[in-house]
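The chain contents come next:
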Amino acid sequence: MVEFTADERQQIALAMMDETPIEAKPLTDVKSVFCQNWDTVKQVLEFLSGYLPLPVRFAVKALIKAGDILHGKIC
């Protein structure tokens, strides 16, 4: 597991509380990009989760599960 400094932990906590939507760059076909790339994105998230503290790891696992469900429904 990677250790974060106090400042880095504070930055992560503030980012988690920020309700400002993330502005996505427009894609011509979001569905096809998601369907084509989900497996790669999932592998990267699984890899990264091993280096993250438990609360963040749980959030990443939830994101992966939601992505799997979404992928199964729309792809």
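The structure reproduced in this document is the subject of the present report. (Residues numbered from 1 in each chain as written. Predicted model: local features only at pLDDT ≥ 70, side-chain atom pairs only at ≥ 80, totals over all residues. Heavy atoms only, no water.)

**A look at the state of the cysteines**
Moving on, step 1. Scanning all chains against the criterion turns up one disulfide.
Moving on, step 2. Residue pairing for Cys 35: its cysteine sulfur links by disulfide to Cys 75, the two sulfurs lying 1.9 Å apart. Note on the Cys 35 and Cys 75 pair: the S-S dihedral is about -90°, so by sign convention the disulfide is left-handed. Of this pair, Cys 35 sits in helix H2 (residues 30–49) while Cys 75 sits in the segment after helix H3 (54–74), and the two are 40 residues apart along the sequence. (Disulfide = S-S within 2.5 Å. Helix = DSSP H or I, 4+ residues; strand = E, 2+ residues; numbered from the N terminus.)

**Brief notes about the pattern of salt bridges**
Moving on, step 1. Taken as a whole, this structure holds one salt bridge when the rule is applied.
Moving on, step 2. Measuring nitrogen to oxygen at the nearest pair gives 3.1 Å for the salt bridge that ties Asp 68 to Lys 42. Highlighted residues: Asp 68 in helix H3 and Lys 42 in helix H2, separated in sequence by 26 residues. (Salt bridge = Lys/Arg side-chain N within 4 Å of Asp/Glu carboxyl O.)

**Examining a nonpolar patch on the surface**
Moving on, step 1. On the surface, Val 44, Phe 47, Leu 48 and Tyr 51 cluster together into a nonpolar patch covering about 380 Å² of accessible area.
Moving on, step 2. Counting through the fold element by element, Leu 48 comes out in helix H2.
Moving on, step 3. The class for Leu 48 is partly exposed, based on a relative accessible area of 41%. (Patch = residues over 30% accessible without salt bridge, like charges linked within 9 Å, V, L, I, M, F, W, Y side chains within 5 Å. Areas by Shrake-Rupley, 256 points an atom, 1.4 Å probe, with all protein chains shown as cover. Buried < 20%, exposed > 50% of the residue type's maximum accessible area, 1.4 Å probe, protein only.)

**Quick notes on the nonpolar core**
Moving on, step 1. Grouped together as the largest cluster of nonpolar side chains are five residues: Trp 38, Leu 45, Leu 52, Val 60 and Ile 64.
Moving on, step 2. Within the residue set of this core, elements represented by two or more residues are H2 and H3.
Moving on, step 3. Apart from residues no more than four positions distant in its own chain, Val 60 is found in contact with Leu 45, Ser 49 and Leu 52. (Core = buried A, V, L, I, M, F, W, Y, C linked by side-chain atoms within 4.5 Å. Contact = heavy atoms within 4.5 Å.)

**Here's the deal with the side chain of Ser 49**
Moving on, step 1. Tracing the chain through its elements places Ser 49 in helix H2.
Moving on, step 2. Judged by its relative accessible area of 9%, Ser 49 is buried.
Moving on, step 3. Not counting residues within four places of it along the chain, the set of residues in contact with Ser 49 comprises Arg 57 and Val 60.

**Points about H3**
Moving on, step 1. An ideal rise of 1.5 Å per residue puts 30 Å on 21 residues; H3 measures up with 30 Å between its terminal C-alpha atoms.
Moving on, step 2. Regarding H3, the residues found buried are Val 60, Ile 64 and Gly 67. In a view along the axis of H3, the buried residues occupy a sector of 65°, so they form one face of it. Opposite the buried face of H3, by more than 90 degrees, sit the exposed residues Pro 55, Phe 58, Lys 65, Gly 72 and Lys 73. (Expected span 1.5 Å × (residues − 1). Arc of directions from axis to C-beta.)

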